[in-house]
Amino acid sequence: MRKYIRFVCGLRNFIKTRMTPEEAIQSARKLLKERIAAREGNFLNLAEKSIFRYPRSPYLKLLDARRIRFDDLKSWVEQQGIEESLRILQAEGVFFTVDEFKGKTPVIRNGIRFWCREPMFDNPFLSSVYEVRSGATRSAGTRIRIDFDYLHQRALYDAFLLNIHGCLRAPIANWFPVFPGAPGINSSMRFGHIGNPAQCWFSQVKEDDLKVNLEKKWGTKVIFALHRLYGYPLAEPVYASLSDAHKVANWAARALMEHPSCVVYTFAASAVRVCIAAAEANLNLKGAKFLVTGEPLTPQKKREIESVGAHAVPVYGISEAGVIAAGCDKENAASDHCHLYKDTTALITHKHRVTHSDVTIESFLFTSLLYESPKLLLNVGMGDYGEIAPSACGCEFARTGFDTSISGIRSYEKLTGEGVTFVDTDLIRIIEKDLPGKFGGRSTDYQIVEVEDARGLPQLQLLVSPRIKSLNETEVLSRFMFLLKNSEDSPESWAQSGTEMWKQARMVRIKRDSPIPTASGKILPFYVMKTKRRSTETSREAQEVH
């Protein structure tokens, strides 16, 4: 009962402290400058209390094995800065890979061996919370506890980003699945908090099709009811499947008749679908800003969005730490060029050998810098990699102190499409064990190939070797989708939304062909096909998944 009281009280205070857009941007500028100035002190304060003085911290085993104390870390930070200190820790074995973080593999370093569970990384300092799920298509996804103080501060970043792109007061629409998926409900509350609530919330899946427990149904009703009670109602989710992208396109076109700009916040592939629908209806979306997240903003996706006069703004985040970086208003050669939110997150890389591959990449390692973070991260990998570089574009991000850019962001441990992710260890089990066990053949007779079609839309080809003679392709595809959706975990997981969206998009298609070997002759469970275009000709460069 106590947690429900905290939830209601926290939500009520969050709603009552709602700002005007002008108040939000003033508060944002002040807060971000203060945080940049206090960055090292904030990090040390958090590390001391949440790691070195927190007996249940999963980091203590690694730190104790190398006899690293808080005074050591403090000395390194004062002399060399946060990032260099994190590199010292990484060299001493103080880091977690994504599989270690998720409890899929044991941590074996410095003479010790132990297992982690995701809840071990939960922030123990959060008070009033509600839960959402990250976007995994299989298992329950990462459980994320959201604190309303955290949501308040994240809303200020939204105000800052919207203002940079000249749309602080522009009409906003979301196109995200309904709760318990995180993006839709979180962004709806944040936009309302800064005085510019989303006018529409389109959902790619029907609420009635999802099995959500009574506690979460109750929590959702309370969120909407309290916003109505205090006079700040949130837009209720309206079903718009992936084939209904014209509904979102029409909303944007109508909004642009009355305003110089509008905002659509959605997944990158969903944004492309809106722009395709606009082109087919001869709608000019000049002035529309698509805040795109959940999957890479590839060059082709960006071209499709810009072809109808709209502008794509990459928003890179991870559920465990919120938004990590976002794009500014300056042109850049990289389609997904973003400014790192340096006041909330520190980012370094480390060499990581990809499981089930002979490829080594520079994996991102994330570190939390603030008390409000849902998870407490210290050099934790999340399965992503990319390029990190100084940024000198002169935009307001850079002037504020967000002078580090990231781009070329990709995942090495999951496939991503339509904003839904598929973790490699789950995929491997389906490809190498479940399908051969059901339909015959060996583990190397099945393979998932990720491609991007001419419109920038993602697609997965399930290759099945022709040597498996008697095969019902419809049954194979049905079984594959069933295995994606069902697991031993809770049926309320994000998997329900994810598999429904993939069915709508016909994301997975059977192809009778031999699996593609890598340059070294290996047959891997999944493979990425990168497509390059020159005028009307298409050439394909296939490469091993990262």
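Q: What's the story with the overall build of the protein chain in this structure? I'm lost.
A: The secondary structure content of the protein chain amounts to 17 helices and 23 strands. Considering only residue pairs separated by 6 or more positions, the protein chain has 69% of its internal contacts joining residues 24 or more positions apart. Accessible surface, the protein chain as shown: approximately 22,500 Å² in total, 48% of it carbon and sulfur.

Q: Explain the side chain of Ser405 here, please?
A: Relative to the helices and strands, Ser405 is located in strand S16 (residues 404–411). In this structure, Ser405 is in contact with His337, Cys338, Glu387, Ile388, Ala389, Pro390 and Ser391, ignoring residues within four places of it in sequence.

Q: Hey, could you run me through the nonpolar core in this one?
A: In summary, soluble globular proteins display a tendency toward joint burial of nonpolar side chains. Core analysis: the largest hydrophobic core is formed by 88 residues, its most contacted members being Leu11, Leu162, Met189, Leu285, Phe290, Ile305 and Phe397. In terms of residue count, the dominant contributor to this core is helix H8 (residues 148–164) (10 residues). Core analysis: the second largest hydrophobic core is formed by 46 residues, Phe70, Leu73, Leu89 and Tyr316 among them.

Q: When you look at the environment of Ala346 in this model, what are you seeing that I'm missing?
A: Secondary-structure assignment places Ala346 in strand S13 (residues 345–353). Take Ala346: its relative accessible area is 0%, and that puts it in the buried class. Sequence separation of Ala346 and Ile324 is 22 residues, and the distance between their C-alpha atoms is 9.2 Å. The contact partners of Ala346, leaving out residues within four places of it in the chain, are Arg39, Ile82, Glu83, Leu86, Leu365, Phe366, Thr367 and Leu369.

Q: I would appreciate a short explanation of the pairing of strand S11 (residues 322–326) in the present structure.
A: The side chains of a regular strand alternate, first on one face of the sheet and then on the other. For S11, a buried count of five out of five residues is recorded, marking the element as mostly surrounded by other parts of the structure. Sheet topology places strand S10 (residues 311–318) next to S11; four bridges connect them, and they run antiparallel. Bridged to Tyr316 within S11 is Ala325. Turn length for the S10-S11 hairpin, with the two strands adjacent in sequence and antiparallel, is three residues. Where S11 meets strand S12 (residues 338–340), two bridges bridge the pair, whose relative direction is antiparallel. Within S12, the position partnered with Ala325 by the bridge is Leu340.

Q: Any chance you could explain unusual backbone geometry here in plain terms?
A: One non-glycine residue, Arg67, lies in positive phi territory at about 55 degrees. Turning to its location among the elements, Arg67 is positioned in the loop between helix H4 (60–65) and helix H5 (70–80). Arg67 gets classed as exposed once you look at its relative accessible area, which sits at 69%. Phi is positive for Asn379, which is not a glycine, with a value near 55 degrees. With respect to the helices and strands, Asn379 occurs in the loop between strand S14 (360–368) and strand S15 (384–390). For Asn379, a relative accessible area of 0% translates into the label buried.

Q: What am I meant to see in the packing of aromatic side chains here?
A: The geometry of an aromatic ring pair comes down to the distance between the two centres and the angle between the two planes. Throughout the structure, instances matching the rule amount to 18 aromatic pairs. With centroids separated by 6.0 Å and ring planes inclined at 65 degrees, the aromatic side chains of Phe191 and Tyr265 adopt a geometry described as edge-to-face. Here Phe191, found in helix H9 (residues 182–193), pairs with Tyr265, found in strand S8 (residues 262–267); they are 74 residues apart in sequence, far enough to count as distant. As far as burial versus exposure is concerned, Phe191 and Tyr265 are alike and both buried. A network of ring pairs unites the aromatic residues Tyr59, Phe96, Phe101, Phe114 and Phe121 as a single cluster. One cation-aromatic arrangement involves Lys61 over Phe114; the distance from NZ or CZ to the ring centre is 5.3 Å. Geometry around Tyr157 places Arg154 over its ring, the cationic atom sitting 5.1 Å from the centre.

Q: Before we go on, may I ask you to explain a nonpolar patch on the surface in this structure?
A: A cluster of nonpolar side chains, namely Leu229, Tyr230 and Tyr232, defines an oily patch on the protein surface of about 300 Å² accessible area. Of note, Leu229 is situated in helix H10 (residues 214–229). Assessed through its relative accessible area of 64%, Leu229 is described here as exposed.

Q: How should I be thinking about the confidence of the model for the protein chain in this particular structure?
A: The predicted coordinates should not be examined in detail at positions where pLDDT is low. Averaged over the protein chain, the pLDDT score is 84; the fraction of residues at 70 or greater is 82%. A low-confidence stretch, residues 132–141 stays under pLDDT 50, and its non-local contacts, those more than four residues away or across chains, total 52 contacts. Predicted confidence is poor over residues 488–494, with pLDDT under 50, and the contacts of this stretch with residues over four places away or in other chains come to 24 contacts.

Q: How should the pattern of salt bridges be read in this particular structure?
A: Should their charged atoms come close, side chains of opposite charge can pair. What the rule picks out here adds up to 20 salt bridges. Between Lys102 and Glu118 there is a salt bridge, with the nearest N and O atoms lying 4.0 Å from each other. Of this pair, Lys102 sits in the loop between helix H7 (98–101) and strand S1 (107–109) while Glu118 sits in the loop between strand S2 (112–114) and strand S3 (129–133), placing them 16 residues apart in sequence.

Q: So what exactly am I meant to see when it comes to the packing of helix H3 (residues 39–52) against H5 here?
A: Between two packed helices, what matters for the description is the angle formed by their axes and the separation of those axes. Two elements in contact, H3 and H5, have axes whose closest approach is 11 Å; the angle formed by their N-to-C orientations is 165 degrees. The orientation of H3 with respect to H5, classified from their angle, is roughly antiparallel. Classified by chirality, the crossing of H5 by H3 is right-handed. Residues Glu40, Phe43, Leu44, Ala47, Glu48 and Phe52 of H3 touch H5, and the partners they reach there are Phe70, Leu73, Lys74 and Val77. Residue classes in the contact of H3 with H5 are distributed as seven nonpolar, no polar and three charged.

Q: I tried to follow the state of the cysteines on my own but got confused; where do I start?
A: The term disulfide refers to a covalent linkage connecting the sulfur atoms of a pair of cysteines. All told, the structure shown has zero disulfides when counted by the stated rule. This cysteine, Cys167, is not joined by any disulfide, and Cys262 carries the nearest cysteine sulfur, 8.8 Å off.

Q: I would appreciate a short explanation of the packing of helix H12 (residues 268–280) against helix H13 (residues 299–306) in the present structure.
A: Put simply, H12 and H13 touch, their axes get as near as 8 Å, and they point 35 degrees apart. Handedness of the crossing formed by H12 with H13: left-handed. Touching Ala268, Ala269, Ala271, Val272, Cys275 and Ile276 of H12 are Lys301, Glu304 and Ile305, all from H13. Looking at side-chain class alone, the contact of H12 with H13 contains seven nonpolar, no polar and two charged residues.

What counts and how
- Residues numbered from 1 in each chain as written.
- Predicted model: local features only at pLDDT ≥ 70, side-chain atom pairs only at ≥ 80, totals over all residues.
- Heavy atoms only, no water.
- Helix = DSSP H or I, 4+ residues; strand = E, 2+ residues; numbered from the N terminus.
- Contact = heavy atoms within 4.5 Å.
- Areas by Shrake-Rupley, 256 points an atom, 1.4 Å probe, with all protein chains shown as cover.
- Core = buried A, V, L, I, M, F, W, Y, C linked by side-chain atoms within 4.5 Å.
- Buried < 20%, exposed > 50% of the residue type's maximum accessible area, 1.4 Å probe, protein only.
- Pairing = 2+ DSSP bridges.
- Phe/Tyr/Trp six-rings, centres within 6.5 Å; stacked < 30°, edge-to-face > 60°.
- Lys NZ or Arg CZ within 6 Å of the ring centre and 35° of its normal.
- Patch = residues over 30% accessible without salt bridge, like charges linked within 9 Å, V, L, I, M, F, W, Y side chains within 5 Å.
- Salt bridge = Lys/Arg side-chain N within 4 Å of Asp/Glu carboxyl O.
- pLDDT = per-residue confidence, 0-100.
- Axes fitted to C-alpha atoms, helices over the stretch in contact; angles between N-to-C directions.
- Parallel < 35°, antiparallel > 145°, perpendicular 65-115°, else oblique.
- Left-handed = near helix turned anticlockwise from the far one by under 90°.
- Nonpolar A, V, L, I, M, F, W, Y, C, P; charged D, E, K, R; others polar.
- Disulfide = S-S within 2.5 Å.

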